[in-house]
Amino acid sequence: MSTKTILFSCLALATVLGSSTWDKAPEKWNLKDVYRILQDSPWSPAESKLIEAEFAPGEVDPQTGVISDRTKPNPNAQSVPGIRLHRDRPQPVVPVLWWSSKTIRLAEQRLRQLHDPSHATQVLQVDELPDYVLVIEGSEHLRLFRDAKDDLRDTVFLELPNGSALDLASVRFVEGAERDEPRTEFHFPREIDGRATIDANWERVIFHCKATAKTVLPSHENSLALRAEFKPRAMRVRGAPDL
C-alpha cells in the first residue's frame, strides 16, 4: 500500500470518527442516535434548560410574594396560586426543540420508523419552514399555553446576542396524531424588513417562556417559566447551517 493511500485512509477514518451523529444519513440513525438528537443536541440542548419556577397553589410569603416549601408554618401566609420554589428536589426537564431544523423533524420521523416496522420503507423527508419554530411537546403543556392568562406574545421571546429580543409572531397548537406528541409551536420571523433576524454564526440565542393557566387544576402543572440556550454556530449538518 502506497504512502498516499495510507494517508488517505487515515484521514477518512479520522473524519468518520470525528463526525457527529446528525452528520450520518437519517436512515442510518438508531434509537440511541435519535434520542440523542431529540434530548441532548444543539437543537435540544439538555444542559442549558433551566426551570426557573413552578406555579402551584400554596403559601405566599407576604414580603416577597413567592411561595416557599418552608417546613415551619407562617401565620401570615396566604393560600393562593403563586410561584413555588423547590429546594428539596431538582426541577423537571422540559425539552425545547428547535423544530424548524430539518434534523429534529427527521429524527421524529426516524423514531416512528424504528418503533413501527410498517414505516420502515417510508422516505425520510421534510420541507423548509418559512419561520423559525420552537416546540414544547406534551398535552399538559399544550393545555397550559392554550389557557394562558397573558398573551404569549408578551411572555415568550428570543434573546439575541446584542441584548435585543425577537418577538413571537404566532403560536400554533397541534393535537398530535398516531405516534405524534401534542405540541405547542412558537413561530418567529426569519426576516424583518428584508433583514435576517438570526445569524447562523451567532454564539447563542436564548429562548424565554413564561405562562400561567387561567384555570388552576389540582395536581397539574398550572404554570411554567423556563429558558433554553441554543448555539446557532453549532447547529450545522455536514458544515451547513440547519435552523
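Remember, predicted model here, so these are calculated numbers, not experimental data.

**Q** Can you explain the side chain of N222? Please cite residues and give values.
**A** Turning to its location among the elements, N222 is positioned in the loop between β12 (205-212) and β13 (223-230). Side-chain polar atoms of N222 contact the side chain of R143, separated by 3.4 Å. In terms of polar contacts, N222 uses its side chain to reach the backbone carbonyl oxygen of L217, at 2.8 Å.

**Q** Tell me what's going on with the pattern of salt bridges, and back it up with residues and numbers.
**A** Here the structure, examined in full by the defined rule, presents 11 salt bridges. A salt bridge links D147 to K214; the shortest N-O distance between them is 3.6 Å. You can see D147 sitting in the loop between α4 (139-146) and α5 (152-155) and its partner K214 sitting in the loop between β12 and β13, a full 67 residues away along the chain. The residue R183 makes a salt bridge to E185 at a minimum N-O spacing of 2.9 Å.

**Q** Give a detailed account of the pairing of strand β5 (residues 131-137), specifying residues and quantitative values.
**A** Counting buried positions over the seven residues of β5 gives five, a clear majority of the element. Here three bridges tie strand β4 (residues 96-98) to β5, and the two strands are oriented antiparallel to one another. Looking at the pairing, V96 lines up with I136 of β5.

**Q** Give me a nonpolar patch on the surface: which residues, what numbers.
**A** On the surface, L31, Y35 and L114 cluster together to form a nonpolar patch covering roughly 220 Å² of accessible area. Y35 sits in the partly exposed class, given a relative accessible area of 34%.

**Q** Account for the sheet that holds strand β8 (residues 170-174), naming residues and giving values.
**A** If you walk across this open sheet you meet the four strands as β4-β5-β9-β8, and the pairing is antiparallel. Unpaired on one side and paired on the other, β4 and β8 mark the two borders of the sheet. Taken over all neighbouring pairs, the strand axes of this sheet differ in orientation by 25° on average, direction set aside. Contacts from α4 reach β5, β8 and β9 (183-189), with the element oriented near 55° to β9.

**Q** Outline the pairing of strand β6 (residues 156-159), supporting the account with residue identities and numerical values.
**A** Burial along β6 is one-sided: the residues V156 and L158 are buried and none of F157 and E159 is. Relative to β12, β6 runs antiparallel, the two sharing four bridges. Residue pairing in the sheet places V156 in a bridge with C209 of β12. Looking at chain direction, β6 and strand β7 (residues 165-167) are connected through three bridges and run antiparallel. Residue F157 lies in a different strand from β7, and its bridge partner there is D167. Taking the residues that link successive antiparallel strands as the turn, the β6-β7 hairpin has five residues, and the phi of G163 there is positive, at about 90°.

**Q** Please set out the side chain of T155 residue by residue, giving values where relevant.
**A** Inspection of the secondary structure assignment puts T155 in helix α5. Of the polar contacts made by the side chain of T155, one reaches the backbone oxygen of K210; its length is 2.8 Å. Contacts of T155, omitting those with residues within four sequence positions, involve D150, H208, C209 and K210.

**Q** Can you break down helix α2 (residues 31-39) residue by residue, with the values?
**A** Where α2 is concerned, the buried positions are D33, V34, I37 and L38. Relative to the axis of α2, the buried residues are bounded by an arc of 125° and lie together on one face. Of the surrounding elements, those touching the buried residues of α2 are β4 and α3 (102-115). Capping the start of α2 is the job of one residue whose side-chain oxygen sits 3.1 Å from the backbone nitrogen of K32: N30.

Rules and cut-offs
Residues numbered from 1 in each chain as written. Predicted model: local features only at pLDDT ≥ 70, side-chain atom pairs only at ≥ 80, totals over all residues. Heavy atoms only, no water. Helix = DSSP H or I, 4+ residues; strand = E, 2+ residues; numbered from the N terminus. Polar contact = N/O pair within 3.5 Å; in protein donor to acceptor, adjacent residues only side chain to side chain. Salt bridge = Lys/Arg side-chain N within 4 Å of Asp/Glu carboxyl O. Buried < 20%, exposed > 50% of the residue type's maximum accessible area, 1.4 Å probe, protein only. Pairing = 2+ DSSP bridges. Patch = residues over 30% accessible without salt bridge, like charges linked within 9 Å, V, L, I, M, F, W, Y side chains within 5 Å. Areas by Shrake-Rupley, 256 points an atom, 1.4 Å probe, with all protein chains shown as cover. Axes fitted to C-alpha atoms, helices over the stretch in contact; angles between N-to-C directions. Contact = heavy atoms within 4.5 Å. Arc of directions from axis to C-beta.

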